[in-house]
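For reference, the chains in residue letters:
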Amino acid sequence: MKVKVVFFASLREDMGIEEIFLQLPEGCTTDSLLEVLSARLGEKAVSLLCGDSVRIAVNQEMLDGRAHLFENDEVAYFPRITGG
């Protein structure tokens with residue numbers, strides 16, 4: 001299945017990429033997405049996405065935990081504090 005991953009604010013700057021499209025196996029979750037991102041972008045980049053300072057949204061809905069992903073989902077990563 002194909003998903004779009006978007007990085008916002010300081011994460012976009014630190015990652016050096018605004019968005020990426022990925023082909024994922026069925027049944028993938030936001031947790032297993034990190035493994036795929038690690039393989040594509042490197043562990044250092046993914047370490048920026050882990051921890052309490054990052055929020056995740058799927059299809060523009062903020063998550064409080066792990067979520068299953070589906071075809072054409074958009075996953076967005078935000079630093080917890082962003083400005084306008």
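Model, not experiment: these values are computed from the prediction.

Procedures and definitions
Position numbers for residues start from 1 in each chain and track the written sequence from start to end. A pLDDT threshold of at least 70 governs which residues receive local features in this predicted model, and a stricter bar of 80 or more applies before side-chain atom pairs are shown or counted, although totals over entire chains, interfaces and linings include all residues. Side-chain measures were taken over the full set of non-hydrogen atoms in the model, leaving aside hydrogen atoms and water. Secondary structure follows DSSP: runs of H or I at least 4 residues long count as helices, runs of E at least 2 residues long count as strands, and numbering of each begins at the N terminus. For a helix, the expected span equals 1.5 Å multiplied by the residue count minus one. Buried, partly exposed and exposed residues are distinguished by accessible area as a fraction of the type maximum, computed with a 1.4 Å probe on protein chains only: under 20%, between the cut-offs, and over 50%, respectively. Taken from the helix axis, the directions to the C-beta atoms give the arc we talk about. Residue contacts are defined here by distance: any two heavy atoms, one from each residue, within 4.5 Å place the two residues in contact. Two strands pair under a simple rule: DSSP has to find at least two bridges between them. Helix axes are fitted only over the stretch in contact, all axes being lines through C-alpha atoms; the angle between N-to-C directions runs from 0 to 180 degrees.

Caption draft 1: Summary view of helix α2 (residues 30-41). Between its first and last C-alpha, α2 extends 16 Å over twelve residues, near the 16 Å set by a 1.5 Å rise per residue. Turning to α2, its buried residues are Thr30, Leu33, Leu34 and Leu37. Viewed along the axis of α2, the buried residues span an arc of 105 degrees, placing them on a single side of the element. Exposed and facing more than 90 degrees away from the buried side of α2 are Glu35 and Ala39. Against β1 (2-7), β2 (19-23), α3 (43-47), β3 (54-58) and β5 (74-79) lie the buried residues of α2. Two residues or fewer past α2, Gly42 is found with a positive phi of approximately 100 degrees.

Caption draft 2: Highlighting the sheet that holds β3. Taken in spatial order, the five strands make up an open sheet running β2-β1-β5-β3-β4, and their pairing is mixed. The open sheet terminates on both sides in strands that have one partner only, identified here as β2 and β4 (61-62). Here β1 pairs with β2 via five bridges, running antiparallel. For Val3, the partnering residue across the bridge sits in β2 and is Leu22. In the packing of α2 onto the sheet, contacts are made with β1, β2, β3 and β5, and the angle to β2 comes to roughly 105 degrees.

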